[in-house]
Amino acid sequence: MSEFVQYLVNGLTIGAFLALIALGYSMIYGVVRLINFAHGDVFMIGAFAGFGTLTTLGVTGGTALPAIVAAVAVGALTTGVVGTGIARAAYVPLLASPRLALLIAAIGVSLALQEGVKVLTDARFKSYPNTLDGGQILSGSVRVTWGQLALVVLSVALMAGLWLFVTRTMTGTAMRALAMDRDAARLQGVNVERLILVTFFVGSLLAGAAGVMYGLYYTQISFGMGFLIGLRAFTAAVLGGIGNLPGTMVAGVAIGLVQSFSAGYVSSRWTDVIIFGLLIAVLAFRPTGLFGERVVERA
Amino acid sequence: MTRSTSRDRGRRFRLLTATGAGLVLVPLAAACGSGDSGGSGAIRIGVPAPLSGDSASAGQDILAAAKVAAAEINQAGGVDGRDVQIVEADDQCSAQQGAQAAQKLLNSGVVAVAGGYCSGAAVPAIPIYGRRNVPFVLDASTNPSLTDTGKGKVFRTCGRDDNQGLVAAKFMTGQLRARRIALLHDNTTYAKGLADAAANSVKQFGGQVVYQDALQPGQSDYSPVLTKVASTKPDVLYFTGYFAEAGLLMKQRKQLGLTFTLMGGDATTDSTVLKTAGPAADGYIATTAPLAKDLPAAAAFVSAYKAANKADPGPFSVYEYDAVKVVAKAVDDAGSTKGADITEALHKIKDFPGITGPITFDDKGDRTDPLYITVRVRNGAFTAHKKLDKSGGTWVDAKSS
Amino acid sequence: MRARVELGRAEQVVRYGGWPSLVVVALVAGQAMDDYGLTVGATILIYAILGLGINIVVGYAGLLDLGFAAFFAIGAYTAGLLMVELEWNFWLTLPAAVAAAAVAGVVIGYPTLRLRSDYLAIVTLGFGEIIRITVINLEVTGGPNGLTGIPPVTLGGREIVMPRDFYHLALAFFVVVLAATALLARTRLAYAWRAVRADDTAAEAVGVPTRRVKLLAYVLGAMTGAVAGPLNAAQLGTVDPSSFTFLTSLMILLVVIIGGMGSRPGVVIGAVVIVALPEVLREVQEYRGLFFALLLILIVLLRPQGVWPYRPRRFRLPAGAGPAPEPVSATGTLLEVAGLSRSFGGVTAVADLALRADAGQVVSVIGPNGAGKTTAFNCVTGLIPPSAGTVVLAGRDVRGRAPHRVAAAGLARTFQSIRLFDEMTVAENVLIGRFARDRRLLRPLSRADLDAVRRCLDFVGLLDAADRPAGGLAYGDRRRLEIARALAGDPRVLLLDEPAAGANPTEKRALMGLIARISALGTAVVLIEHDVALVMSISDRVTVLEHGRTIAVGPPAEIQEDQRVIAAYLGVPDDPDPDLVPEVPR
């Protein structure tokens, strides 16, 4: 029984990250109809930006809260700018081209980011200073650390912030309108290109924040860290119904739980087979994801 | 009219791109004939290693060590008065690229090959070198099958998985008196091979394998796997994968408050582990060949390596250094750059003073002396722990002697 | 005219002379290259074979596949296991590998038929990963070690181990696969794929069995790509699971994207770029991957269509009109719709609709926007299933049938927002309409097909535009083309959805003439239209809809007099307040 609860705790921790990253996929798909393959690598860039900040500030360990906040902020802003820059340079010029060209551009950007960071870091792993070793909340047969709690709380706060942004601001409303119908939104006076860039900014911001949190929590980062988690986050976005933000969050947490429980009760070797098998099964019966998509394909 | 000109433009473009694509092929064809193995220029030694791709850092460490060895040989006057030249080829750890890298090296006229990292890339390369009778000295591929099927033309300066597995099993069941042993690998050739070998030996020594499964590398969160392992109540968990996961395992084991002993194989002794795990690394034990810093003979190599690369050598750097050195020695002994002669000379080498210990190859091409000892993390550094004495039955402090 | 003919001949030389000369160049180069060049050359050919396979799925049918390495793996493992475990001969394992891939093609194709392309991306990616992880986890496939000790190919008692021999073997394989895919590209199926890729709803509506067509794309693509598996296994003597990662799938996809989707010469260029470029970039060592990635972005930005885009083959329409088809001999009632209803959620879009059209009649449905006219059409043609009612076409009940079956039964349609296959030529668009009459896929175009295309183009006056891309036509021509496409299947009933929308008076007059000529053939025409004058002048009978309900039925003269219709629709220029319009029980 205690093992079950432990798997649950672990799964929720993993799910918090997945949900944050998945939101970026979902938002960007909503407005550009692009599976942004580079999104996982933007997450990776965030982790390295945060690492750079902590190193510059000379943090070597201990709970240095101001430095942590600074790292998250710098990481998120860096990826926001990087993500927007990528969109401006590589995606916007291709908006009128076949969709596949856009996808290939995204794959190219993903490879370029990975390879670029690889060259800069000599393909080596970097280790974050141990700042989140704040001890245990529960230390009986089920273990919960303060680090885990901080992580989940921060994720939920960021997601709530996004939710407010999308539902309560003009920009967010325009974003949702754009997801529904690009032409109609344009006719209503929405500056489509600007809005696309804003979406990339916000989506990348979340990924960057997730990247720094990831570095703080797991303490080990590398150029290839975005691939697997990006793939799973993307799976979550599709599973939840792409463009459907609450659905995406739920699916992100669900995939985290699947990852944890499959390692516990089946085998970690089969985790991806289970995740993708589940995805294919769901899509075979519900072609637009568990909770239905919120984008409209032009008839 | 405008339509037809735009079509002409399209055709011209296509012609241009076709020519461009053709031009890409030219260097491939032009490389032909540049190979020259018998001449009087430098003696070329091929170093295939993953220089790009996910294992690039390991490959770069190997290549750097080879260059240090070559520079040292040339400093001392070369072989038969000829310089040794390192020719590198990226194998990306893939079978396809491994085959292409092998052809590329043969093309540039290498007399012998010393290198490799992933068995997957070595497997298709072995018959390619074999057909030209070019000996292949492996520095890192520990899979037993490589020398078993190498027809005597494959050698290695590193150990064999079955050998390490045996040492690990002896240590766990003997020194640690463990009865319940969990084995965790990452489903790569090396890690699974070592786990299988360890499992065999553990059973021979009367131990019980309570868990044997793989984690998925790159996942970062191994708490679920560790929770699962803990539920089998092991005395020791032996992780046979790579260092990137080892550090995370140590950290997460501590976070989960698990008490079993954590051990690892020789791919986990990278310094990254210590940085990632921090204090959680204390007490970690790994089976490995003696570390470069504990080898008196290796001190010179380590300082030369640091001077040239401004970084510490990687775990396989010492083996690569010895591989290049032993090949040079064989060429010198044979007095010939013919592959068959060098192969014969390699088999004849006896107690060559390598920095990883005396080197003698058996008929298959494996080293005759047992290599593996255990090291332990103490005060944030890997330090020599225990080794088997000459009889192979009892553990003694690795530092003494 | 002369110049044009010569140009055509020159083009033919380029078109058909290119491949043989390329093969000759490859043979000559094979003599000049050393072992390294030959090994790389063989790898290029293997990737070209994979590229030809994925070209069928992605290039022809437009189904995004991010897991194509799975078929490569299935081919390699099937052949490898048969060779190692059962000691089969290489040549025997080849058909087994292809068959296994075909089965896998069905397995992955079937559940994904309903999915949109972006979802396909993740599902195919997942499928690729499932296959890769499964072969690593299973003992029988050698786990992470893969299969080793695969014997070389023997041919006439000779072992093919030297790189030069293997290069020739790979070249022979490539030529065979190329020929097979070239033949495939000439079948009706290839045209159906391109139609599905452009607009699968429209393709289905005019008679293309889209599900079968998509499934065939997966199966044939998988079979083609699987050929590379045994070849690769024999080349390396090993099957290594790390050869079949997502990155491999990406590289295979890039082969066809860089070259140009649907273009076979493009595949060769793509394979050269993907395999040879990294080899050339060996000089730059650790920057190799970065260069490659940046180059990729640059290629896509500069040539989003690929470096050698697909160019449609010119249609060779018969010079003269073929024999006239047998006139549709049907008489009496061709379409009988009764009690047709459809609601979305709680909203009733169409309620209890009755509609009858006899041979040679023109029947019109009018009503304000949102009255449910198009929904009614969609229910009749099977695009959306009706909630209740019957649809009888020439005595056969077709309600609830798939749209292509309804089309095959003799009911053709056009769309309110014109849905042509823009990337295809005018003649090719009409050809797709033939699928309603003849659904055979794995055949070349028949003389009857070409005759019908010519006849229909001639009928609507677009014969001169036959070779132009449909996307470049003027608005009025697009309307006429859509009608020609609908007529190509020799329909008994033709449904026209607002054909006069946006037309000027001259065009409207021409349209009226065209409709009259169609009905003179014995075809029943059902028309949705806003232009009341046009409707009244050509219709035999008019049905008036409002809020999904029929408020009047009768000959034009009667409808024009009907006070309720005038109140609801004709006489009131602006939106009438619906509360003022009494519901009329029938």
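No experiment lies behind these values; they were computed from the predicted model shown.

**A short note on the overall build of chain B**
Moving on, step 1. A tally of helices and strands in chain B yields 13 helices and 16 strands.
Moving on, step 2. Residues classed as buried in chain B amount to 61% of the 401 residues present.
Moving on, step 3. Put simply, 68% of the contacts in chain B that link residues at least 6 apart link residues at least 24 apart.

**Brief notes about the overall build of chain C**
Moving on, step 1. For chain C, the helix and strand inventory stands at 22 helices and 14 strands.
Moving on, step 2. If you line up chain C on its principal axes, its C-alpha atoms span 90 × 60 × 45 Å.
Moving on, step 3. Scored against the burial criterion, the 586 residues of chain C give a buried share of 55%.
Moving on, step 4. Counting only contacts in chain C whose residues sit at least 6 apart along the sequence, the fraction spanning at least 24 positions is 76%.

**A look at the environment of C:Leu462**
Residue and element names in this part refer to chain C.
Moving on, step 1. For Leu462, the position within the fold is in the loop between α17 (447-460) and α18 (475-487).
Moving on, step 2. Spatially, the C-alpha atom of Leu462 lies 7.5 Å from that of Asp477, the residues being 15 residues apart in sequence.
Moving on, step 3. Sequence-distant contacts of Leu462, that is, excluding residues within four places in its chain, are made with Val426, Leu457, Asp477, Arg480, Leu481 and Ala484.

**Details of the interface of chain B and chain A**
Moving on, step 1. Taken residue by residue, the interface counts 30 residues in chain B and 29 residues in chain A.
Moving on, step 2. Of the residues forming the side of chain B that touches chain A, the biggest block, six residues, is contributed by helix α8 (residues 223-231) of chain B.
Moving on, step 3. Among the residues making up the side of chain B that touches chain A, the classes are represented as eight nonpolar, 16 polar and six charged.

**Here we look at the sheet that holds strand β9 (residues 261-264) of chain B**
All names here are of chain B.
Moving on, step 1. Spatial strand order, β7-β6-β8-β9-β10-β13-β14: seven strands in an open sheet with mixed pairing. Strands with a single pairing partner mark the edges of an open sheet, and in this sheet they are β7 (208-214) and β14 (381-384). The average angle at which neighbouring strand axes cross in this sheet is 25 degrees, direction not considered.
Moving on, step 2. Here six bridges tie strand β6 (residues 180-185) to β7, and the two strands are oriented parallel to one another. Bridge pairing in β7 places Leu184 opposite Asp213.

**Focus on the environment of B:Asn74**
Residues and elements named next belong to chain B.
Moving on, step 1. Its location among the elements puts Asn74 in helix α2 (residues 56-75).
Moving on, step 2. A count of 16 C-beta atoms within 10 Å places Asn74 in the partly exposed class.
Moving on, step 3. Sequence separation between Asn74 and Tyr242 is 168 residues; the distance between their C-alpha atoms is 34 Å.
Moving on, step 4. Each residue touching Asn74, except ones within four places of it in the same chain, is listed here: Asp83 and Val84.

**What to know about the domain arrangement of chain C**
Residue and element names in this part refer to chain C.
Moving on, step 1. Domain parsing of chain C yields domain 1 (35-280) and domain 2 (360-374 + 404-580).
Moving on, step 2. When each unit is reduced to the centre of its C-alpha atoms, the spacing between domain 1 and domain 2 is 43 Å.
Moving on, step 3. The set of elements that each furnish at least two residues to the side of domain 1 that touches domain 2 consists of α7 (188-198), α8 (200-205) and α9 (210-226).
Moving on, step 4. Per element, the largest residue contribution to the side of domain 1 that touches domain 2 is seven residues, and it comes from α7.
Moving on, step 5. Per-class residue counts for the side of domain 1 that touches domain 2 are 13 nonpolar, three polar and five charged.

**A few points about the nonpolar core**
Moving on, step 1. One finds A:Ala105, B:Ile45, B:Val327, C:Ile49, C:Val206, C:Ala217 and C:Val255 to be the most contacted residues of the largest nonpolar core, which totals 444 residues.
Moving on, step 2. For this core, the leading source of residues is helix α2 (residues 35-60) of chain C, giving 17 residues.
Moving on, step 3. Apart from residues lying up to four places away in sequence, C:Ala217 is in contact with C:Ile56, C:Val57, C:Tyr60, C:Ala61, C:Leu63 and C:Trp193.

**Comments concerning the domain arrangement of chain B**
A common measure of how large an interface is: the accessible area buried when the components associate.
Residue and element names in this part refer to chain B.
Moving on, step 1. Under the domain assignment used here, chain B contains domain 1 (43-158 + 296-359) and domain 2 (162-288 + 372-397).
Moving on, step 2. Placing a centre on the C-alpha atoms of domain 1 and another on those of domain 2 gives a separation of 28 Å.
Moving on, step 3. For the side of domain 1 that touches domain 2, the class distribution of residues is two nonpolar, four polar and one charged.

**What about unusual backbone geometry?**
Moving on, step 1. Of note in the backbone geometry, B:Lys233 takes a positive phi value of approximately 50 degrees without being a glycine.
Moving on, step 2. Mapped onto the fold, B:Lys233 is located in the loop between α8 and β8 (236-239).
Moving on, step 3. The backbone of C:Glu498 sits at a positive phi, close to 50 degrees, despite the residue not being glycine.
Moving on, step 4. Tracing the sequence through the fold places C:Glu498 in the loop between β11 (493-497) and α19 (505-520).

**What about the confidence of the model for chain B?**
Residue and element names in this part refer to chain B.
Moving on, step 1. Looking at chain B, pLDDT values average 86 and 89% of them are 70 or higher.
Moving on, step 2. Highest mean pLDDT in chain B belongs to β8 (96); lowest belongs to helix α1 (residues 2-30) (58).
Moving on, step 3. Low pLDDT (under 50) marks residues 1-5, which in the prediction has zero contacts with non-local residues, meaning those over four places away or in another chain.
Moving on, step 4. Under a pLDDT of 50 for its full length, residues 31-38 has, in the predicted model, 19 contacts with residues more than four places off or in other chains.

**Topic: the interface of chain C and chain B**
Moving on, step 1. Across the contact, 36 residues belong to chain C and 34 residues belong to chain B.
Moving on, step 2. Elements supplying a minimum of two residues to the side of chain C that touches chain B: α1 (2-32), α2, α12 (264-280) and α13 (288-302) of chain C.

**Thoughts on the packing of helix α16 (residues 426-433) of chain C against α18(C)**
Residue and element names in this part refer to chain C.
Moving on, step 1. Between α16 and α18, whose axes approach to 6 Å, the crossing angle comes to 35 degrees. Crossing of α16 against α18: the hand is right-handed. Taken together, the residues of α18 that come into contact with α16 (itself represented by Val426, Asn429, Val430, Ile432 and Gly433) are Leu481, Ala484, Arg485, Ala486 and Leu487.
Moving on, step 2. For the contact of α16 with α18, the residue count by class is seven nonpolar, two polar and one charged.

**A short note on α9(C)**
Moving on, step 1. The end-to-end C-alpha distance of α9(C) is 24 Å, a good match for the 24 Å that 17 residues give at a rise of 1.5 Å each.
Moving on, step 2. The buried fraction of α9(C) is high, at 14 of 17 residues.

Criteria and cut-off values
- Residues numbered from 1 in each chain as written.
- Chains lettered and ligands numbered in written order.
- Predicted model: local features only at pLDDT ≥ 70, side-chain atom pairs only at ≥ 80, totals over all residues.
- Helix = DSSP H or I, 4+ residues; strand = E, 2+ residues; numbered from the N terminus.
- Buried ≥ 20, exposed ≤ 12 C-beta atoms within 10 Å, placed from the backbone.
- Contact = placed C-beta atoms within 7 Å.
- Nonpolar A, V, L, I, M, F, W, Y, C, P; charged D, E, K, R; others polar.
- Pairing = 2+ DSSP bridges.
- Axes fitted to C-alpha atoms, helices over the stretch in contact; angles between N-to-C directions.
- Domains from an automatic or database assignment.
- Core = buried A, V, L, I, M, F, W, Y, C linked by C-beta atoms within 7 Å.
- pLDDT = per-residue confidence, 0-100.
- Left-handed = near helix turned anticlockwise from the far one by under 90°.
- Expected span 1.5 Å × (residues − 1).

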